[in-house]
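Examining the three-dimensional arrangement
Chain by chain, the residues:
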Amino acid sequence: MSREVVAILDFGSQYGQLIARRVREQNVLSRICRADISAEELSEMPLKGLILSGGPASVYDKNAIKCDENIFELDVPILGICYGMQLACQILGAKIVPAERREYGRTNLSVLDKSDLLANLPESMTAWASHGDQIEDLGHNFTKLASTETCPFAAVRHNKKKFFGVQFHPEVSHTPKGSQILENFLYDICGCAGDWKMSDFASETIEAVRRQVGNDTVICGLSGGVDSSVVASLIHKAIGDQLVCIFVDNGLLRRNERDHVVSTFRNHFHMDLRVVDWSEQFLAKLAGVTDPQEKRKIIGAEFIEAFKSQASKISNAKFLAQGTLYPDVIESGSKDGNPAANIKLHHNVGGLPEQLGFELVEPLRDLFKDEVRVVGEYLGLPEEMVWRHPFPGPGLAVRIIGEVTKEGLEVLRAADEILIDEIKSAGLYRKISQALAVLLPISTVGVMGDERSYENVVAIRAVETVDFMTADFSRIGYEVLGIISNRIINEVHGVNRVVYDVSSKPPATIEWE
């Protein structure tokens, strides 16, 4: 690797890869490394800087993850974020304690020193915090750069070493000036040239797929969503007819989804596409199941069975390609030996290649949704496909709270179609990052046709986000919401109430299950 690189030491943060993504936005190549990587290993890279991520632990815990203290002798600038700041400050002589008042969510940052890391920032700005510990005693070797009402040392600089620390998260979109902080660090402090771009990722990945696959056949699980579509296109560009795509109709799809996928990939892109109708098997296994994690496990297991039914018919198949993205990986638990809290299981993360006997090809595993779209545009995919809203691998099963039934699926398909139709009509589809309808496991009293009704409730969820790691609910106008509600109640049999979800991520997730 000859291109300059900034390494991120991952202490199990939910935002570890988000930091890497923000660095790449600045046209600087980033590389995620395990937290305990040695200073010697790091010195072998064309290293321009180091970033220490946040993490779920406390630095004073007995089993807290530590880094090699020799990294502070590498003569490269280091930026510590949240846990990374606390750990570095502890190593360099500061005292970390539980905060009297924890700081979660938006906070107001007072900028006290704008000479380097916080240059070009206003004296008061919004920042996103998520910590229960903080520095109590900074010692004599640090300078305070910023503070908040509850955190006196919200940003610091070491007086002798090239270390900077921030207690908040500049990498998340809810810190509006966070990109300026990272730009200051990368360019003014680290001296990066900014010579990396997403087209490099695409061309390098195509070559990597060719080297990995050789003359063997790759099977791609194609859903028709953005992720799997970009994967299929990227691999098809790399190896052509050595790619065989399998589309599993699990009975949990949106209306007309199967016909759309067949028309696009078999007829337009001329790919070898095999369709497996496994809907009865999925619904039978899901009967009576209400726990969301159990649903995901069942769906993952049935996907394996569906793939097995076709894989045995494909000669020379050695590889399985998947559209796994980093949010899938990080929410499913640990990555590369580093602890990260398990948020939810993803049917396409882990397990499949081992049970199917295939090697795994996941070219998008370290990317976020918006980066995948950039790759899709670079590959020449249609705009409608590239900018399609995400759809979960488990399909409508995780948008039905409670048991999945054919009747419930029909209600939800109809509501979903109306929702998407109306936000497109209002010109909001590209502004909204993801919109979905959720069928709730309750019935409410209503009046329809001068008679009492007791029918289902549908929740509408629409969010705006850049990276899908954090998100805020969309401020859809009341008039549009009223049209959506009116159409669903009048046109979807069995629904008499529509509600709108106004929670952010975190604390909520985007999908309800």
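The coordinates are above.
Read on for an overview of the structure. Every chain's residues receive numbers from 1 upward, in the order its sequence appears when written. Predicted model: local features are reported for residues with pLDDT of at least 70 only, side-chain atom pairs are reported and counted for 80 or more only, and whole-chain, interface and lining totals are derived from all residues. Processing note: side-chain calculations cover all non-hydrogen atoms of the structure and skip hydrogens and water entirely.

What follows concerns the overall build of the protein chain. Within the protein chain, the secondary structure is distributed over 15 helices and 18 strands. When we talk radius of gyration, it's over C-alpha atoms, and the globule rule is simply 2.2 Å times the number of residues to the 0.38. Relative to the compact-globule value of 24 Å for 513 residues, the protein chain shows a C-alpha radius of gyration of 25 Å, a close match. Overall, the C-alpha framework of the protein chain stretches about 75 × 65 × 40 Å when taken along its three principal axes. Per-residue burial over the protein chain gives 59% buried out of 513 residues. Within the protein chain, counting contacts between residues at least 6 apart in sequence, those at least 24 apart form 74% of the total. Two residue types count as positive, namely Lys and Arg, and two as negative, namely Asp and Glu; His and chain ends fall outside the count. Think of each charge as sitting on NZ of Lys, CZ of Arg, CG of Asp or CD of Glu. Counting 54 positive and 71 negative side-chain charges, the protein chain places the averaged centre of each group 0 Å from the other. Here a strand is any run of E in DSSP of at least two residues, a helix any run of H or I of at least four, and the numbering for each starts at the N terminus. Residue exposure (1.4 Å probe, protein chains only): buried if accessible area is under 20% of the type maximum, exposed if over 50%, otherwise partly exposed. Any two residues whose heavy atoms approach within 4.5 Å are treated as being in contact.

Moving on: the sheet that holds strand β4 (residues 78–81). Here the rule is simple: two strands pair whenever DSSP picks up at least two bridges between them. Here we have nine strands laid out as an open sheet, ordered β2-β1-β3-β4-β9-β8-β7-β5-β6, and mixed in their pairing. Only two strands of the sheet have a single neighbouring strand rather than two, namely β2 (29–34) and β6 (124–137). Each neighbouring strand pair of the sheet contributes to a mean axis angle of 20 degrees, computed without reference to strand direction. Relative to strand β9 (residues 163–166), β4 is paired through four bridges, and the arrangement is parallel. Bridge pairing in β9 places I78 opposite F163. Between the N-to-C directions of two axes lies an angle of 0 to 180 degrees, each axis being a line fitted to C-alpha atoms and, for a helix, fitted only over the stretch in contact.

Any carboxyl oxygen of Asp or Glu within 4 Å of a side-chain nitrogen of Lys or Arg constitutes a salt bridge here. Per the stated rule, a full pass over the model turns up 35 salt bridges. The partner of K369 in a salt bridge is D227, and the shortest N-O contact between them spans 2.8 Å. Here K369 is found in helix α12 (residues 369–379), whereas its partner D227 is found in helix α6 (residues 226–239), with 142 residues between them in sequence. Within the structure, one salt-bridge network assembled from shared partners comprises R21, R22, E25 and D370.

This paragraph deals with the packing of aromatic side chains. We call Phe, Tyr and Trp rings a pair once their centres come within 6.5 Å, taking the six-membered ring for Trp, and we label the pair stacked below 30 degrees between planes, edge-to-face above 60, and tilted otherwise. On inspection of all chains with the given rule, the structure shows four aromatic pairs. Note on F265 and F269: the rings are 5.7 Å apart at their centroids and 35 degrees apart in plane angle, and the pair reads as tilted. Above the ring of F391, the side-chain terminus of R254 is found at 4.0 Å from the ring centroid. Charge over a ring is defined by NZ of Lys or CZ of Arg lying within 6 Å of the ring centre and within 35 degrees of the ring normal. Here the basic side chain of R475 rests over the ring of F473, its NZ or CZ set 3.8 Å away from the ring centre.

A sheet is described by the order of its strands in space; here five strands give the open sequence β12-β11-β10-β13-β14, paired in parallel fashion. Unpaired on one side and paired on the other, β12 (272–277) and β14 (359–361) mark the two borders of the sheet. Across the sheet, the mean angle separating the axes of adjacent strands is 30 degrees when strand polarity is ignored. For strand β11 (residues 243–249) and β12, the ladder comprises six bridges, and the chain directions are parallel. Across the sheet, C245 pairs through a bridge with L273, a residue of β12. Contacts between α6 and the sheet are confined to β10 (217–221), β11, β13 (317–321) and β14, with β10 contributing the most and set at about 165 degrees to the helix.

Okay, the nonpolar core next. Nonpolar cores are built from buried Ala, Val, Leu, Ile, Met, Phe, Trp, Tyr and Cys residues. Side-chain atoms within 4.5 Å join them into one set. Counting 74 residues, the largest nonpolar core has L42 and I71 as its most contacted members. Broken down by element, this core gets its largest block of residues, eight residues, from α6. Discounting residues that sit within four places of it in the chain, I71 has contacts with L9, A39, L42, L50, L52 and I78. Judged by nonpolar contacts, the second largest core, of 50 residues, contains W278, V404, L419 and I484.

Structurally, Q322 can be placed in the loop between β13 and α10 (326–331). Residue Q322 is classed as buried on the basis of its relative accessible area of 7%. Between the C-alpha atom of Q322 and that of L364, which follows or precedes it by 42 residues, the distance is 8.4 Å.

Moving on to the pairing of β11. Counting buried positions along β11 yields seven of seven residues, so the element is predominantly enclosed. Judged from the four bridges that link them, β10 and β11 form a sheet pairing that is parallel. The partner of G221 across the bridge, within β11, is I246. Crossovers are marked right-handed if the path from the first strand over the helix to the second runs clockwise, as seen with the strands pointing away from the viewer. Once you follow β10 into α6 and on to β11, the crossover reads as right-handed. Crossover connection from β11 via helix α7 (residues 257–268) to parallel β12: handedness right-handed.

Now for the packing of helix α8 (residues 279–286) against helix α9 (residues 292–311). Between α8 and α9, the least distance of the axes is 10 Å, while the angle of their chain directions is 150 degrees. Of the possible angle classes, the one that applies to α8 and α9 is roughly antiparallel. For the crossing formed where α8 meets α9, the hand is right-handed. Contacts from Q281, F282, K285 and L286 of α8 reach α9 at K295, I298, I299, E302 and F303. Amino acids are sorted into nonpolar (Ala, Val, Leu, Ile, Met, Phe, Trp, Tyr, Cys and Pro), charged (Asp, Glu, Lys and Arg) and polar (every other residue, Gly among them). Here the residues of the contact of α8 with α9 sort into five nonpolar, one polar and three charged. Any angle between 65 and 115 degrees counts as roughly perpendicular, while under 35 counts as roughly parallel, over 145 as roughly antiparallel, and the rest as oblique. Left-handed describes a crossing whose near helix is turned anticlockwise from the far helix by less than a right angle; the clockwise case is right-handed.

By themselves, these observations are geometric and do not establish any function.
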